[in-house]
Amino acid sequence: MRTTDIRSELQRLFDARDPARGGALVIWHDPDGEFAETVDELELPNIEVVHERPNQLLALKRALNEDLSGRRILLYRQRSRRLDGDWLADIEVRSPSFAADYASIQLRELGAADTADMREVLRAHKAFFAKKTNIKKISRLAEGYSTPARLEVAVMAAALGAEEATPQGVLRAYLTLAEAEGGTEALDVLAAVGAADSFKAAVSAWTGFTGDVTDAVALAQHVLVSALAMQLPVDTLGPLERCYSGEHAPFCHTLVHEWTQSEQREGLLALCGAVEDNLGLERILADVELSALSQADTFPCIDALILRRLFASLAAGTDGVDEVLALIAERRSSRWYANLSFFYEGAAAAANMRRFFRDHEHDSAGGDPAQVWRDYTRTWYQMDRWYRDLHGAFARAITRGEYELDEDFRDCCAAMEDLYKNWYLRGLARRWTHACAGDFARLGYADGVPRQVDFSMAEVEPMMRTNKRAWVIVSDALRYEVATELAESLERETRGVCELDAVQATFPSITKCGMTALLPASSFTMGERREGDRAALAVYADGTEAPTCAARETAIRRHYPDGVAVRYDDFINSMDRAQRLARIGDAQVVYVYHNTIDAYGDKPATERKVFTGCREAIEELVACVQTIVRDFKAARIVLTADHGFLYTAEALAESEHAAVSDVDGTVIEAGRRYAIAREGATSDPLLTIALPTSCAQANGGSNSSALTGFTPRECVRIRMAGGGENYVHGGISLQELCVPVLRFTNKRAGTRGYVESAPVGLSLVSQLDAISNTLFTLEFLQDEPASGKMLPATYEIFVGDAARIPVSDTARIVADRTDADATARVFHVSMNLKPGVQTSEHEQYHLFVRNVDTGAVQSMRDVRIRVSFAPAFDFGW
């Protein structure tokens, strides 16, 4: 430190004190005696320099405790500031301290106590501390260092690039580096700063590991199995008894817990895999009871073991299905859930299907068409949604191939296919057919059920009376169950509210029929027309076909002169806002035509990806609604479909096929789920459907007699040339015929009915006044079901001090449960006080909850901690 800087700093210290009131005393500490010969030569006007001399402490103490008013005294002491055993401790306490030697400056910059032990750390790492950049690194890691061990840990942390100067942070950084570059290379990094030996001693003290720290897998194995020992009963760890330290398990548990929440998570995953392979851990844990295994999450293979058992159980039957769903819900907050989430989602879908079967196996098979329709749109559609969830999860899971679980998942899917097709689809189709086969043969539709042909009158005309413009989005093949998820997404992601109804599509449930039936028209009919040298089915609105978007716009304008029909791809992907405004202009009625689901399903090459198309369609339709609301301030939008679809994943058996030749008569058009024949045709294997035909058709239609429709029973397909029979439509199954009418109403803040979206709340159920054990379990309640405007939320829970610094590990709760029953929304959370963190019975602590999405933190409860720890930083070097 330069002489001018010394004078300036001393002058500042003296100026801060008032010599008129008891004098001004500053103590200069110089343990290495660097300034013993020069202190008296400093030009310090009006400042007396007093030296501490051996054998004169008593006299000095008396002199300095006298009235010093008006005097400015600089006491030079050739020692560090340490109050224990110091004759001048009382004077030290009331006087400011000054030091000018290099070590003092360094310690001051580090926020470290100036003691002989601290100086020893500086000497041990002299080359390291000689670099200003290293001083800055360590200063950023902590606000200060109270012990030599903490400073030594900081040296290790800085060398390894750790995020924090804690034992857990250092060991995490070391193992991450060792996994990536090798254990020898990682230890060389510490050796370069003189910290290799202290690191070895520290690892032994922190974890109980006494092996070679350059063996990253061995060290990781010891740490991970020790952490596992905190979660499993001791008697389940017999084969691993030499692989862990029960005494050090809390430290290792905290280390692993924090590691999984860090950016080095992938490094831990790689080490977990290496340790699992090295130990044969799946085999060792294979016989552990599921109830015990479900409490552990140190290794991802534990999730694999759990999932393997769940898939086997679900494939076998319905026993324990409620417990399966509860277990899957609990695992949502486990450490490795995200890595195996698709498998868990598939298991949850299968469990829901099994539970539905258990609860509805003996439901009445009777009912009129309206009753069957209500049952489907209120309850039974869920089986279709869970089946879609199952196969959507399977498609994503098999791309990962984790732990060869795809085979277990595949076996479960096979069992669900049997349940879905042979119990659900077949049973529902039989009930529906029994209820309305007569109506279809006589009328062409199920009597007492709303019809698609009335859409314009029921939906468009009322919107015209109450709004500036009627918006209609028609999504090809958007079946009812997909629309239920779409409604949930719109509720979550917009300010609007949704009302979902359904209408029966027109037979045959194919695009040209459904799209025409949705148009404003005075009449809807079908007829036969020629396409070259062959006949085909023609569908007419007001006597005119409308097979294209342009033709539909013409049909709309016959009733609404400024009406617009526009393709989704053009409207959203090709136009900017100005172009959209210009295209719509003053239109009173706008139809937007969207085609994603059918585009996937109708092509043999992509039909197996139709559920992926459903997910994409939901995202696109939400974006479309948001665009219309944003650009046009639309108050209401109706979303619907031309038809639904029937999909089964497995190849069909020979018995599940019919043939066009099953129709006795002239067939003019046929698909896999329908056949259209001239009047007089009959069929015993197929159901007969009346069609709305007229004798005189426009635009090239023939003057032939009326047409008759036919459809296969249950899930049967008509055999056709070429591939693509898993995804079909055209028939009268509820999956094909039940199309949604989703009314979206945009709400502005402050208007009647407006509800602000908000995350579901979380409440502490357990009584918690004091924590008296390092391990403790708490219960939390998700206050409301996650549905509508109550959004799912992820919360982090921890115990912390007044500054919100955690003294416990951080637990995570994924609050996304939809159950109406509050008992199903209770979370059991095990927590652990951090080893080595010093707490006081006299200090107030808080149980904090943090919303991960918003960052909002609040205190749930004030608590006291009555637990003592041994300092984790004391590793005996």
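What you see is a predicted model, and the numbers here were worked out from it, not measured in a lab.

Right, let's get into the overall build of the chain. When you go through the chain residue by residue, the secondary structure sums to 30 helices and 30 strands. Relative to the compact-globule value of 29 Å for 877 residues, the chain shows a C-alpha radius of gyration of 38 Å, a clear excess of over 25%. Judged by the C-alpha coordinates and their principal axes, the chain covers about 130 × 65 × 50 Å. Of all 877 residues assigned to the chain, the portion counted as buried reaches 53%. Residue pairs in contact within the chain that sit at least 24 positions apart in sequence constitute 72% of those at least 6 positions apart. When the accessible surface of the chain is totalled, it reaches about 37,300 Å², and 47% of it is carbon and sulfur. Computed over 95 positive and 127 negative side-chain charges, the separation of the two mean positions in the chain equals 5 Å.

Moving on to the sheet that holds strand S1 (residues 24-29). Strand order across the open sheet formed by 4 strands is S2-S3-S1-S4, with parallel pairing between neighbours. Bordering the open sheet on either side are strand S2 (48-51) and strand S4 (97-98), each of which pairs with just one other strand. Sheet analysis places S1 next to S4, joined by 2 bridges and oriented parallel. Looking at the pairing, Ile27 lines up with Ser97 of S4.

Bringing the pairing of strand S7 (residues 524-531) into the picture now. The buried fraction of S7 is high, at 6 of 8 residues. Across 8 bridges, the pairing between S7 and strand S8 (residues 534-541) is antiparallel. By the bridge assignment, Gly527 is partnered in S8 with Ala538. Hairpin remark: S7 followed by S8, antiparallel, with 2 residues in the connecting loop; positive phi at Gly532, about 70°.

The grouping of Lys131, Lys136, Lys137 and Arg140 at the surface amounts to a positive patch. Locating Lys136 in the fold gives a position in helix H7 (residues 132-141).

Mapped onto the elements, Lys61 comes out in helix H2 (residues 57-64). When near neighbours in sequence (up to four residues on either side) are disregarded, Lys61 contacts Trp87, Leu88, Asp90 and Ile91. Engagement of the side chain of Lys61 in a polar contact is seen with the backbone oxygen of Trp87, the distance being 2.7 Å. Among the polar contacts listed, one links the side chain of Lys61 to the side chain of Asp90, at a separation of 2.9 Å.

As a further point, take the environment of Ser868. Inspection of the secondary structure puts Ser868 in the segment after strand S30 (857-865). Its relative accessible area of 72% is what places Ser868 among the exposed residues.

Burial analysis of strand S3 (residues 72-77) places 6 of its 6 residues in the buried class, which makes it a mostly covered element. Across the two faces of S3 the burial is the same, with Arg72, Leu74 and Tyr76 and Ile73, Leu75 and Arg77 all buried. One ladder, built from 6 bridges, connects S1 with S3; its direction is parallel. Directly across from Trp28, in S3, lies its bridge partner Tyr76. Pairing of S2 with S3, which is carried by 4 bridges, proceeds in the parallel orientation. If you follow Val50 over to S3, its bridge partner there is Leu75. The handedness of the S2 to S3 crossover, carried by H2, is right-handed.

Looking now at the packing of helix H13 (residues 249-260) against helix H14 (residues 265-279). Taken N-terminus to C-terminus, the directions of H13 and H14 make an angle of 125°; their axes are 8 Å apart at the nearest point. Comparing their axes, H14 and H13 come out oblique. Side by side, H13 and H14 meet where Val256, Trp259 and Thr260 of the first sit next to Arg265, Gly267, Leu268 and Leu271 of the second.

This part takes up the sheet that holds strand S15 (residues 674-678). Whether parallel or antiparallel, the strands of a sheet pair through hydrogen bonds between backbone atoms. Within the open sheet, the 4 strands sit side by side as S14-S15-S17-S16. Their pairing is antiparallel. The outermost strands of the open sheet, each flanked by one partner alone, are strand S14 (667-671) and strand S16 (687-690). Strand-to-strand, the axes of this sheet are offset by a mean angle of 25°, without reference to chain direction. Two elements, S14 and S15, share 4 bridges in a ladder whose sense is antiparallel. In the strand pairing of S15, Glu669 is matched with Ile676.

For the peptide bond that leads from Phe507 to Pro508, omega is -5°, which places it in the cis range. Take Pro508: it is sitting in the loop between strand S6 (497-504) and helix H24 (511-517). Its identity is not glycine, yet Ala477 carries a phi of approximately 70°, on the positive side. Within the element layout of this structure, Ala477 appears in the loop between strand S5 (470-475) and helix H23 (480-493). Despite not being glycine, Arg804 shows a phi value in the positive range, around 65°.

This next bit is on helix H20 (residues 369-397). If you check H20, its first and last C-alpha atoms are 39 Å apart, about what 29 residues at 1.5 Å a residue would give, namely 42 Å. The sharpest bend along H20 measures roughly 55° and falls at Thr377.

A few words now on the packing of H7 against helix H8 (residues 148-160). Interhelical geometry of H7 versus H8 gives an angle of 115° and a closest axis separation of 9 Å. For the element pair H7 / H8, the angle class is roughly perpendicular. For the crossing formed where H7 meets H8, the hand is right-handed. For the pair H7 and H8, contact is made by Lys137, Ile138 and Leu141 and by Leu151, Ala154, Val155, Ala157 and Ala158, respectively. Considered class by class, the residues forming the contact of H7 with H8 number 7 nonpolar, no polar and 1 charged.

Rules used throughout
- Residue numbers restart at each chain and count upward from 1, following the sequence in its written direction.
- This being a predicted model, a pLDDT of at least 70 is required before a residue's local features are given, and a value of 80 or more before pairs of side-chain atoms are given or counted; all residues contribute to the totals for chains, interfaces and linings.
- With hydrogens and water excluded, all non-hydrogen atoms of the structure serve as input to the side-chain values.
- Helix numbering and strand numbering both begin at the N terminus, where a helix is a DSSP run of H or I of at least 4 residues and a strand a DSSP run of E of at least 2.
- Atoms counted for the radius of gyration: C-alpha only. Globule rule: 2.2 Å times residue count to the power 0.38.
- Note on classification: 1.4 Å probe, protein chains only; a residue is buried when its accessible area is under 20% of the maximum for its type, exposed when over 50%, partly exposed between these limits.
- Here a residue-residue contact requires only that any non-hydrogen atoms of the pair lie within 4.5 Å.
- Surface accessibility follows the Shrake-Rupley procedure with a 1.4 Å probe radius. Residue values consider only the protein chains on display as shielding.
- For this count, His and the chain ends are skipped, Lys and Arg are scored as positive, and Asp and Glu as negative.
- Charge positions come from single atoms, namely NZ of Lys, CZ of Arg, CG of Asp or CD of Glu.
- Pairing between two strands is assigned when DSSP locates at least 2 bridges connecting them.
- Patches were defined on residues exceeding 30% relative accessible area and lacking a salt bridge, with like-charge contacts within 9 Å and nonpolar side-chain contacts (Val, Leu, Ile, Met, Phe, Trp, Tyr) within 5 Å.
- Should a side-chain nitrogen of Lys or Arg be within 4 Å of a carboxyl oxygen of Asp or Glu, the pair is scored as a salt bridge.
- Two N or O atoms form a polar contact when they lie within 3.5 Å of each other; inside protein one atom must be a possible hydrogen donor and the other a possible acceptor, and for residues adjacent in sequence the pair counts only when both atoms belong to side chains.
- Consider the strands pointing away from the viewer: the crossover is right-handed when the path from the first strand over the helix to the second runs clockwise.
- As a rule, the C-alpha atoms of each element are fitted with a line to give its axis, helices using only the stretch in contact, and angles between N-to-C directions run from 0 to 180 degrees.
- Our angle categories are set so that under 35 degrees counts as roughly parallel, over 145 as roughly antiparallel, 65 to 115 as roughly perpendicular, and the remainder as oblique.
- Expected span, for any helix, means 1.5 Å times one less than how many residues it has.
- Two axes are fitted around each residue, one to the seven residues ending there and one to the seven starting there, and the angle between them is reported as the bend at that residue.
- If you view the pair so one helix is near and one far, a crossing is left-handed when the near helix is turned anticlockwise from the far one by less than a right angle, and right-handed when it is turned clockwise.
- Classes in brief: Ala, Val, Leu, Ile, Met, Phe, Trp, Tyr, Cys and Pro nonpolar; Asp, Glu, Lys and Arg charged; the others, Gly included, polar.

Function cannot be inferred from these measures alone, as they are strictly geometric.
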